[in-house]
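If you want the building blocks of each chain, they are given just below.
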Amino acid sequence: MANDSANSNDTVDGEVADSTNKFVSALILNLIIALICLILFCILRQKHKIIYAPRQLLIDTLAPGKRSQSFFSWLFPAFTVKDDEVFLYAGIDAVVHMRFMKLCFKIALVLMPYGIIVLIPVNYYGGGDLSGLEQIALSNIVVKSSKVWAHTVAAWLYTLIICYLLYMEWKAFIMYRQQYLSKGMGYQYAVLVRDLPDKVRLSD
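The following paragraphs examine the structure supplied in this document. (Residues numbered from 1 in each chain as written. Predicted model: local features only at pLDDT ≥ 70, side-chain atom pairs only at ≥ 80, totals over all residues. Heavy atoms only, no water.)

1. Quick word on the pattern of salt bridges
Opposite charge on two side chains permits them to pair, given that their charged atoms come into close proximity. By the definition in use, this model includes three salt bridges. Across the pair R99 and D83 runs a salt bridge whose closest N-O atoms are separated by 2.4 Å. Of the two residues, R99 sits in helix 5 (residues 92-124) while D83 sits in helix 4 (residues 83-90), which places them 16 residues apart along the sequence. On the basis of relative accessible area, R99 is assigned to the buried category, the value being 16%. Close ionic contact of D83 with K102 constitutes a salt bridge, the shortest N to O distance being 3.4 Å. Separated by 19 residues along the polypeptide, D83 in helix 4 and K102 in helix 5 bring together distant segments of the chain. According to the relative accessible area criterion, K102 is partly exposed, its value standing at 27%. Where salt bridges share partners, they join D83, R99, K102 and E169 into one cluster. (Salt bridge = Lys/Arg side-chain N within 4 Å of Asp/Glu carboxyl O. Helix = DSSP H or I, 4+ residues; strand = E, 2+ residues; numbered from the N terminus. Buried < 20%, exposed > 50% of the residue type's maximum accessible area, 1.4 Å probe, protein only.)

These values are about where atoms sit, not about what they do.
The structure is reproduced here in structure tokens:
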């Protein structure tokens, strides 16, 4: 009986260690892939501007001043460029993309403190017998424990914060879209004409 219990514990510990090793391996692999993609982008962006910077090849496209052509010269301006500058030089699609990336960063930055200060310690001392990465997960809290309230508060808090950030983002999007439509370009509009007289119709 004791041997069966010991074997069972060894099996559980082995599974936990295996899942932790898989997570660490996947994390390292993804970091390596991300680094390779970053280096390839830095190399290719200067050689193939028709793909990575097509607007700079147009004669009538404005440029936001001279920038350094070093390997990582784009990195700092990408985090410091203003939305109005992106809208002026790259268009509304680029603004929406940049603001979406910033929104994801804001959400992670705002939600992280509560998760680190409250949720992880609550899960760690949740009373369960789990180990490894599962020790800091919700599954480590025993059934009917009052500590689950920390996750209930987190669900409401996270939802309200994300909804507020999305609302502010939507207001900014509407502002830039109105500026874009106010230019009055011909390609911004479509006209549907129906019931033309037969004498002005073409077979095509």
